[in-house]
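The lines below spell out each chain.
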Amino acid sequence: MAPPRPRSVLAIDVGRRRIGLAGCDPLGVTVTPLPALARGEFQADLQRLLALVRQRRVQALVVGLPLDAGQRPTPQGIQCRRYGLRLARAMAALGQPLPLAWVDEHASSWAAGERFGLHGDRSGRLDSAAAVLLLEQWQREGPEPLDLTALSDDPVAPAAIAVGTRAGADSF
């Protein structure tokens, strides 16, 4: 895949307890870990993420999607895809439409722990470090984010999931 065009992007690493966050500047030069969000009710998450999107003038979302070795979504991957779609639709309904891209996050937390020395971290820094790796991966390989109208609602349909290769791990 070709690298996507530079723009301000918010990468999210959706976990059961926290959402790791990373952002990049409009030129795509600097990737910055942002404080992770403790997951709560969706509406509360949405309000905090919407404020961040507006503050950083975000133009696209990149969501980590755990896939198995066959490039199929894992059960957690299905949940991440649903969360990403729900978030993008809610943002659009609030007047902040953002195209969406997926990056295979298989092993991103392990790779972030190795790179940043954060094994066993419970503060959220590991989650955001994983989001940094996702965003760096996306900047190198894409895919270009898609408008919501181009995305399928079926969370497991192969055509619905165009992802960059593994963040922080070798391609297979």
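Scroll up to find the structure.
Now for a look at the structure at hand. (Residues numbered from 1 in each chain as written. Predicted model: local features only at pLDDT ≥ 70, side-chain atom pairs only at ≥ 80, totals over all residues. Heavy atoms only, no water.)

**Comments concerning the overall build of the protein**
Stage number 1. Across its full length, the protein holds 4 helices and 6 strands.
Stage number 2. Helices (α) and strands (β) of the protein occur, in sequence order from the N terminus, as β-β-β-α-β-α-β-α-α-β.
Stage number 3. In the protein, which comprises 172 residues, the share counted as buried stands at 53%.
Stage number 4. When contacts within the protein are restricted to residue pairs at least 6 apart in sequence, long-range pairs at least 24 apart make up 67% of them.
Stage number 5. Accessible surface computed for the protein: about 8300 Å², of which carbon and sulfur atoms make up 54%. (Helix = DSSP H or I, 4+ residues; strand = E, 2+ residues; numbered from the N terminus. Buried < 20%, exposed > 50% of the residue type's maximum accessible area, 1.4 Å probe, protein only. Contact = heavy atoms within 4.5 Å. Areas by Shrake-Rupley, 256 points an atom, 1.4 Å probe, with all protein chains shown as cover.)

**Quick look at the packing of helix α1 (residues 42–56) against helix α2 (residues 75–93)**
Stage number 1. Interhelical geometry of α1 versus α2 gives an angle of 65 degrees and a closest axis separation of 11 Å. Considering only the axes of α1 and α2, their crossing is right-handed. Of the residues in α2, those touching α1 at F42, D45, L46, L49, L50 and V53 are Y83, R86, L87, A90 and M91.
Stage number 2. The class makeup of the residues in the contact of α1 with α2 is 9 nonpolar, no polar and 2 charged. (Axes fitted to C-alpha atoms, helices over the stretch in contact; angles between N-to-C directions. Left-handed = near helix turned anticlockwise from the far one by under 90°. Nonpolar A, V, L, I, M, F, W, Y, C, P; charged D, E, K, R; others polar.)

**Digging into the pattern of salt bridges**
Stage number 1. Under the defined criterion, the tally for this structure stands at 4 salt bridges.
Stage number 2. The partner of D127 in a salt bridge is R18, and the shortest N-O contact between them spans 2.6 Å. Here D127 is found in helix α4 (residues 125–141), whereas its partner R18 is found in strand β2 (residues 18–24), with 109 residues between them in sequence.
Stage number 3. Here D127 falls in the buried class, since its relative accessible area comes to 14%.
Stage number 4. Between D45 and R48 there is a salt bridge; the shortest N-O distance is 2.7 Å. (Salt bridge = Lys/Arg side-chain N within 4 Å of Asp/Glu carboxyl O.)

**Thoughts on the pairing of strand β1 (residues 9–14)**
Stage number 1. Of all the 6 residues making up β1, 6 are buried; the element is thus mostly covered by neighbouring parts of the structure.
Stage number 2. Burial along β1 is two-sided: V9, A11 and D13 facing one way and L10, I12 and V14 facing the other are all buried.
Stage number 3. Pairing of β1 with β2, which is carried by 6 bridges, proceeds in the antiparallel orientation. The residue bridging L10 from the neighbouring strand is G23, located in β2.
Stage number 4. With antiparallel pairing between neighbouring strands as the criterion, β1 and β2 make up a hairpin whose turn holds 3 residues.
Stage number 5. Where β1 and strand β4 (residues 60–65) come together, 4 bridges link them in parallel fashion. Following the sheet pairing, I12 is matched in β4 by V63. (Pairing = 2+ DSSP bridges.)

**A word on the packing of aromatic side chains**
Stage number 1. A full pass over the atoms with the stated rule returns 1 aromatic pair.
Stage number 2. Ring geometry for F42 and Y83: centres 5.6 Å apart, planes at 75 degrees, overall edge-to-face. One end of the pair, F42, is in helix α1; the other, Y83, is in helix α2, and 41 residues separate them in sequence.
Stage number 3. In this structure, R86 is placed above the aromatic ring of F42, and the distance from its NZ or CZ to the ring centre is 3.8 Å. (Phe/Tyr/Trp six-rings, centres within 6.5 Å; stacked < 30°, edge-to-face > 60°. Lys NZ or Arg CZ within 6 Å of the ring centre and 35° of its normal.)

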